[in-house]
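# Architecture at a glance
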Amino acid sequence: MAKKCIIISPSDNVAVALENLARGGIYEGVTLTEDITKGHKFALRNIAAGEDIIKYGTPIAHATRDIKAGEHVHTHNVATNLNENLEYTYSPVSCSLPAGKMRKVNVYRRANGEVGIRNELWVIPTVGCVNGQAKEIVDTFKAEYGEEGFDGIFTFAHPYGCSQLGDDHERTKFMLQKMVRHPNAGGVLVLGLGCENNQMDAFKAGLGEVDQSRIKFLVCQDVEDEISAGVELCRQIAEVIKGDKRQPTDISCLKVGLKCGGSDGLSGITANPLVGIFSDYLVSVGGTTVLTEVPEMFGAEQQLMNRCKDRATFEKAVKLINDFKDYFRAHGQPVGENPSPGNKAGGITTLEDKSCGCTQKSGSGPVSDVVFDDGYVTSKGLNLLNGPGNDMVAVTNLGAAGCHLVLFTTGRGTPFGGFIPTLKIATNNELAAKKANWIDFNAGAILDSDFNTQLQKLIDLIVDVAGGKLTKNEINHTKELAIFKTGVTL
């Protein structure tokens, strides 16, 4: 008989409904005083005003009034505990992982030693003014030459590259430069306008030495017909990358981003823990995973900090958290105002509630490094990456940091995908069935199965995706780019 509710940790004073529960029902020895929607919480005992609400074995809020056993526990009777910067202490915990079984993936080996899971041709605008020209070049190329022999030609529109100052300007340049060097691109045409802040000469200088047969540059104002010139350069690149072939390589070559969006009350019970177990598996065989969404670490950050491999990494993690809190306050925003209306409807009450579920994606392995805006993931193991929770920005950051694909868990559903394959993992059966055109994997099956069975299925799917199987966002031609902006626009 399927479980109807779950107590995640023995110390919790709330349980989570795994299906809609009716008033008067008795669950975990408690009589419900009201209907409880799937994914939402009810009190396991009387909770006094001011007392902490415990879920995942940690405080996720405090009661704003007395709450009786069996009562719904949500935004109407609790409030966040988050506030100012905290004084963190480094209390390292053992994070050793048993070695998993190595798998093979079929990938493209690049000349610089990296691997790619796609062999695509990208047209990357240096400035938003030429987004239309980039799209026309891609469309014209496909009409004239097709895409046989490589994995497709794509462009990624964005509004930046001009009228930006300081960090914003540098971030745009860095992000686009890192895309140019991304191993999922067999070749790239960099397309500029000519009068933008993001000047082509400076952009090229920041790239360093490149393979000129695979990476080419075009400034639209320098030619009479930028479309025909761009198509010709793409043709030259395509002739080179058509010779690239997949080769079997250990799965440890992969860098996998970890992301959630449209979370619900089951995110921290099904999909996120499953992704965390996968992260532990990949790390155990020598691979790399990357957790981002810094605001969705607030409230769970101390557990991550205690897993840092050494004190230097711990100090970087403290800076990661406090810098983002400072960013919130600099704009006059509270650090705890995060859960969206969809999150709340799905059963998530506070940012701590969301964070404790979100960080389940990191598994239990040690944190090997912390990467900031201008960085690239170079350390094997679990990395923390700077950036917001916004889906498009976070996946863009993960791709620019070097991730080959992203595992994206969702309880509410989203068609979104980034410029790298974005594998959508549903937290519940209903979403997986209703939005099969969006969802790649159903972690809701865990409730009727077990984590190990679903882990093996997820690994099989990731092996297939790394070997060329298209994710739903790729099938639906949903490949978005969003660059983080913090300053003024001129």
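As the structure is a computational prediction, the values presented were derived from the model and not from experiment. (Residues numbered from 1 in each chain as written. Predicted model: local features only at pLDDT ≥ 70, side-chain atom pairs only at ≥ 80, totals over all residues. Heavy atoms only, no water.)

### Side note on the overall build of the chain
Summing up its helical and strand segments, the chain has 13 helices and 23 strands in all. A compact globule built from 490 residues should have a C-alpha radius of gyration of about 23 Å, and the chain, at 24 Å, falls within 12% of that. With the principal axes as the frame, the chain shows a C-alpha extent of 75 × 45 × 40 Å. Across the 490 residues in the chain, those meeting the buried criterion constitute 58%. Long-range contacts, defined here as pairs at least 24 residues apart, represent 71% of the contacts in the chain between residues at least 6 apart. Of the accessible surface of the chain, which amounts to about 19100 Å², a share of 50% is contributed by carbon and sulfur atoms. Side-chain charges of the chain comprise 50 positive and 58 negative groups, with the mean position of each set lying 4 Å from the other. (Helix = DSSP H or I, 4+ residues; strand = E, 2+ residues; numbered from the N terminus. Rg over C-alpha atoms; globule rule 2.2 N^0.38 Å. Buried < 20%, exposed > 50% of the residue type's maximum accessible area, 1.4 Å probe, protein only. Contact = heavy atoms within 4.5 Å. Areas by Shrake-Rupley, 256 points an atom, 1.4 Å probe, with all protein chains shown as cover. Lys, Arg positive; Asp, Glu negative; His and termini not counted. Charge placed at Lys NZ, Arg CZ, Asp CG, Glu CD.)

### Topic: helix 4 (residues 226-241)
Helix length check: helix 4, at 16 residues, gives a terminal C-alpha distance of 22 Å against a target of 22 Å (1.5 Å per residue), a fit within 8%. The opening residue of helix 4 is D225, an N-cap whose side-chain oxygen sits 3.1 Å from the backbone nitrogen of I227. (Expected span 1.5 Å × (residues − 1). Polar contact = N/O pair within 3.5 Å; in protein donor to acceptor, adjacent residues only side chain to side chain.)

### Notes on the nonpolar core
With 57 residues, the main nonpolar core has L254, F278, L407, L423 and I425 as its most contacted residues. For L423, the residues in contact, after removing those within four places along its chain, are V406, L407, F408, D440, F441, L458, L461, I462, V465 and T471. V188, V290, V395 and F416 belong to the second-largest nonpolar core, a separate cluster that totals 34 residues. (Core = buried A, V, L, I, M, F, W, Y, C linked by side-chain atoms within 4.5 Å.)

### Some details on the packing of aromatic side chains
For any pair of aromatic rings, the description consists of the separation of the ring centres together with the inter-plane angle of the planes. Counted under the stated rule, the structure contains 14 aromatic pairs. What links up through ring pairs into an aromatic cluster is the set F298, F324, Y327, F328 and F484. Above the face of the W438 ring, K435 is positioned so that its terminal group lies 4.0 Å from the ring centre. The residue whose ring lies beneath K479 is F154, and the NZ or CZ to ring-centre distance is 4.5 Å. (Phe/Tyr/Trp six-rings, centres within 6.5 Å; stacked < 30°, edge-to-face > 60°. Lys NZ or Arg CZ within 6 Å of the ring centre and 35° of its normal.)

### Details of a nonpolar patch on the surface
On the surface, a nonpolar cluster with roughly 310 Å² of combined accessible area is contributed by L165, V488 and L490. With respect to the helices and strands, the residue L165 is situated in the loop between strand 13 (153-155) and helix 2 (166-180). (Patch = residues over 30% accessible without salt bridge, like charges linked within 9 Å, V, L, I, M, F, W, Y side chains within 5 Å. Salt bridge = Lys/Arg side-chain N within 4 Å of Asp/Glu carboxyl O.)

### Things to note about the sheet that holds strand 8 (residues 72-73)
In any sheet, the strands associate via hydrogen bonds between backbone groups, in a parallel or an antiparallel arrangement. Overall, antiparallel pairing links the four strands, which are arranged 1-2-5-8 in an open sheet. Single-partner strands in this sheet number two, and they are strand 1 (5-6) and strand 8. Bridging between strand 2 (residues 14-17) and strand 5 (residues 41-43) involves three bridges; their strand directions are antiparallel. For V16, the partnering residue across the bridge sits in strand 5 and is K41. (Pairing = 2+ DSSP bridges.)

### With respect to the pairing of strand 22 (residues 422-426)
For strand 22, a buried count of five out of five residues is recorded, marking the element as mostly surrounded by other parts of the structure. A two-sided burial pattern is seen for strand 22, the buried positions comprising T422, K424 and A426 on one face and L423 and I425 on the other. Here strand 21 (residues 405-410) runs beside strand 22; their pairing, made up of five bridges, is parallel. Bridge assignment links T410 to a residue of strand 22, and that residue is A426. Bridge count between strand 22 and strand 23 (residues 441-442): two bridges; the pairing is parallel.

### Re the sheet that holds strand 12 (residues 120-125)
The strand order across the open sheet built from four strands is 13-12-14-15, with neighbouring strands paired in parallel fashion. Looking at which strands have only one partner, the edges of the open sheet turn out to be strand 13 and strand 15 (215-219). Looking at each pair of strands side by side, their axes are set apart by 20 degrees on average, direction ignored. Where strand 12 and strand 13 come together, three bridges link them in parallel fashion. For W122, the partnering residue across the bridge sits in strand 13 and is F154. (Axes fitted to C-alpha atoms, helices over the stretch in contact; angles between N-to-C directions.)

### A look at the pattern of salt bridges
Using the criterion set out here, one finds 28 salt bridges in the structure. A salt bridge links E19 to K4, with the shortest nitrogen-to-oxygen separation between them at 3.1 Å. Separated by 15 residues along the polypeptide, E19 in the loop between strand 2 and strand 3 (26-27) and K4 in the segment before strand 1 bring together distant segments of the chain. Classification of K4 by relative accessible area gives partly exposed; the value is 28%. Taking the shortest distance from any N to any O, the salt bridge between E170 and K173 comes out at 3.5 Å. Of the two residues, E170 and K173 are both situated in helix 2; the distance of three residues between them amounts to about one turn of the helix.

### So, the packing of helix 1 (residues 131-145) against helix 4
One can describe the packing of helix 1 onto helix 4 by two numbers: an axis separation of 9 Å at closest approach and a directional angle of 60 degrees. Classed by the angle they form, the pair helix 1 and helix 4 counts as oblique. Crossing of helix 1 over helix 4 shows right-handed handedness. Counted together, Q133, E136, I137, T140, F141, E144 and Y145 of helix 1 and E226, I227, G230, V231, C234, R235 and A238 of helix 4 form the full contact between these two elements. Considered class by class, the residues forming the contact of helix 1 with helix 4 number seven nonpolar, three polar and four charged. (Parallel < 35°, antiparallel > 145°, perpendicular 65-115°, else oblique. Left-handed = near helix turned anticlockwise from the far one by under 90°. Nonpolar A, V, L, I, M, F, W, Y, C, P; charged D, E, K, R; others polar.)

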